[in-house]
Structure formats: structure tokens, C-alpha cells
Amino acid sequence: MDNQTEVRKFILLGLSNVQGLQKFLFMLFLLLYLSTLLGNMAIMIVVACEPRLHTPMYFFLCNLSCLDVFFSTVTVPKMLAGLLLGHQGISYTGCLSQLHFFYFLGSSEAFLLAVMAYDRFVAVCNPLHYTLIMSPWACLLLAVGTWTTGFLHALMHTVMTSRLHFCGPNHIQHYSCDIKPVVKLACNSSQLNVNLLNIITGSLAIAPFVFILFSYLYIFSFLRLKVQSKEGRKKAFSTCISHLTVVALFYVPVIFNYVPPSLGNSPRWTMIATVMYTVVTPVLNPLIYTLRNVEVKRALK
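Nothing here was measured: the structure is a model prediction, and the numbers come from that model.

### As for the overall build of the chain
Here comes step 1: In terms of helices and strands, the chain carries 10 helices and three strands.
Here comes step 2: Starting at the N terminus and ending at the C terminus, the chain contains elements arranged as β-α-α-β-α-α-α-β-α-α-α-α-α.
Here comes step 3: Taken across its 301 residues, the chain has 51% of its residues classed as buried.
Here comes step 4: With the model as given, the accessible surface of the chain reaches about 14500 Å², and the carbon-plus-sulfur share is 70%.
Here comes step 5: Charge centroids of the chain, computed over 20 positive and 9 negative side chains, lie 9 Å from each other.

Written out as C-alpha cells, the structure reads:
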């Protein structure tokens, strides 16, 4: 890899070149990042310390909070440095590392949201067998499976990107090392990388999303036809709506970025979509789950 690569450093052009806007964006994203850390770490601590929350739903919520903390940390500190100091340099190895962890954590979160939908499906539609189906061992396997699948997906893109030859220019039109702006700088053919991005990553974005939609269609039909208790329906709807809100905030910009033709989007719109699921969604997740969840609010108090 070292013998084939002439460019040893990339320049991240960042979100904006307007000086006044950069200071405003720095303060805004710094506040959002700190809120992400505090909110998600609070959820992890509360779930760990409160025995009443030692259930599959909150186990997966704890995993989601952990992913959100790491997912934001992969890109946001570098973006903040760029907004404060101007264009940021990143080494070739650092760029590949950022790319790997970006896709590792993002893919894992996409699969975890599908697992959380499955958990709600079992809890609502098959409550008598819930503890058997969602046993601690099954929950652990599902969590490990989401993280492992995300890692393997990211490893594929990292290896394929490392095979490209970069001989200049080295300016990346993004605030992080995303595959789309990086492969545009390759001197040799990157068609295979583009195909993998469109087919594999596009499929990994669509498949869990479709699974979640069908799961909730069945859940809402079940609640309407089979559950007579208004209180039971209200509680189930509240939990499901919280999760669906998180799904919409995460999947809509992801699908915009990675469903073909993924390379046809303008760099500005691509960055805005990326900001949505790397900065905005992680800071909103704790609020969505706590504001609509009586058990979490009680545990926090």
C-alpha cells in the first residue's frame, strides 16, 4: 500500500469557508456534541444502575447510546477543529481509520435499529413468549451480531479504498473521510468501489428500513385488532412512536446518501445529510427516549 500511494496527506475542506459562519457553526456543533456525550452517557449510566431497566429494550437502548457516542466522536472533533482553525489536514492512515470507524459504527446502528424493532414486535405481538424469545443469551447474540456485521461491512470498504492509487489532488470536499469524496480523488479506476457502495451499502440501508416498516405495520394492526385495553394500546404506541422517530431521523438522510445514484448528490447536500445522522440524530435520541418514556424519567429522577 505504501509503495502505491503518493499522497500521504489529505485536506478536509470542511462545512463552510465563510469566516463569520464558521464561528457560529463551531459553537453550535460544540454544544450539540457535548449534549450528545452527556445525554447518551446519562442513559448508559441509568440503565446500568437501575435494576428495573435491566430488560432487552433498555439493553439495546444502551447499545444505541454507546454507538451514538462513538459515531459522533469519529467525525465531530475533526469537524470542530476545521471550523476553528480552517482547513484540516489528515494523514492517509488517519483518513482510512476514520472511514473504517465511520462505516463500522453507522452500519452497526442501522442493524441495531432493526433489532430494536424486532424486540418491540415480539413484546407486543407475542408477550407470553417474550422472555423466552428475548432471553439474555439471545439479546447478547443479537447485539454481537449487529456490531460484527457493521465491522465486516466497514472492513470491506477500508480494504477496497486502500487499494486505490492517490497521486493528487488531495482536497476532500467534506468535513470527514467519507468514501464518496475520497474515491473521486483516485488516479486509477474506482468503479468497483462505487459499485460496492451502491449495491452493498445501499442494500444494507434499505433492507433493515423495510424490515422495520413491515414490523411496525404488523404491530399497529395487531394493536388495533387484538388489544382491547386503551391503557395497553397507549403504552405500546408510545414506545413504538419513540423508536419510529429515531428510525426516521437516521434512515432518511442515510438513504438519501447511499441509495443509487449515491455519487450524483452534490457535496453540500451530502454533507448536510451526513450532519443529520452523525450530529443531530445522536443528540436527539436521548431526548426522544426520555421525554416519552415514564420508566426512564423515573429512573433519572
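### Topic: the packing of aromatic side chains
Here comes step 1: If you walk through the whole model with that rule in mind, you get 17 aromatic pairs.
Here comes step 2: An angle of 90° between the planes, with centres 5.7 Å apart, marks the rings of F104 and F151 as edge-to-face. Taken as a pair, F104 in helix α3 (residues 92-125) and F151 in helix α5 (residues 136-162) lie far apart in primary sequence, 47 residues in all.
Here comes step 3: One cation-aromatic arrangement involves K180 over Y258; the distance from NZ or CZ to the ring centre is 4.8 Å.

### Focus: the environment of N198
Here comes step 1: By the secondary structure assignment, N198 is in helix α7 (residues 191-226).
Here comes step 2: For N198, a relative accessible area of 16% corresponds to the buried category.
Here comes step 3: In this structure the C-alpha to C-alpha distance between N198 and A117, which are 81 residues apart in sequence, comes to 25 Å.

### A short note on the pattern of salt bridges
Here comes step 1: Counted by the stated rule, this structure contains two salt bridges.
Here comes step 2: When the shortest N-O distance is used, the salt bridge between R52 and E50 registers 3.1 Å.
Here comes step 3: Looking at E50, the relative accessible area reads 18%, which means it is buried.
Here comes step 4: For R120, the salt bridge goes to D119, with nearest N and O atoms at 2.9 Å. Residues R120 and D119 agree in their burial class; the two are buried.

### Observations regarding the sheet that holds strand β1 (residues 9-12)
Here comes step 1: What the three strands build is an open sheet, ordered β2-β1-β3; its pairing is mixed. With partners counted over all chains shown, the strands left at the sheet margins are β2 (88-91) and β3 (171-172), one partner each.
Here comes step 2: The pairing of β1 with β2 spans four bridges and is antiparallel. The residue of β2 that forms the bridge with L12 is Q88.
Here comes step 3: The sheet strands contacting helix α2 (residues 56-85) are β1 and β2, and the helix crosses β2 at an angle near 140°.
Here comes step 4: Those strands touched by α3 are β1, β2 and β3, and its axis lies near 90° from that of β2.

### Comments concerning the pairing of β1
Here comes step 1: Both β1 and β3 contribute to a ladder of two bridges, which runs parallel. Note on β3: the bridge partner recorded for L12 is I172.

### Describing the packing of α5 against α7
Here comes step 1: Orientation of α5 relative to α7, taken along the N-to-C sense of each, is 170°, at an axis distance of 11 Å. As summarised for this structure, α5 and α7 are arranged roughly antiparallel, according to the angle between their axes. From α5, H153, M156, H157, M160 and T161 reach across to α7, where they touch L192, N193, L196, L197, I200, T201 and L204.
Here comes step 2: Split by residue class, the contact of α5 with α7 holds seven nonpolar, five polar and no charged.

What counts, and where the lines are drawn
- Residues numbered from 1 in each chain as written.
- Predicted model: local features only at pLDDT ≥ 70, side-chain atom pairs only at ≥ 80, totals over all residues.
- Heavy atoms only, no water.
- Helix = DSSP H or I, 4+ residues; strand = E, 2+ residues; numbered from the N terminus.
- Buried < 20%, exposed > 50% of the residue type's maximum accessible area, 1.4 Å probe, protein only.
- Areas by Shrake-Rupley, 256 points an atom, 1.4 Å probe, with all protein chains shown as cover.
- Lys, Arg positive; Asp, Glu negative; His and termini not counted.
- Charge placed at Lys NZ, Arg CZ, Asp CG, Glu CD.
- Phe/Tyr/Trp six-rings, centres within 6.5 Å; stacked < 30°, edge-to-face > 60°.
- Lys NZ or Arg CZ within 6 Å of the ring centre and 35° of its normal.
- Salt bridge = Lys/Arg side-chain N within 4 Å of Asp/Glu carboxyl O.
- Pairing = 2+ DSSP bridges.
- Contact = heavy atoms within 4.5 Å.
- Axes fitted to C-alpha atoms, helices over the stretch in contact; angles between N-to-C directions.
- Parallel < 35°, antiparallel > 145°, perpendicular 65-115°, else oblique.
- Nonpolar A, V, L, I, M, F, W, Y, C, P; charged D, E, K, R; others polar.

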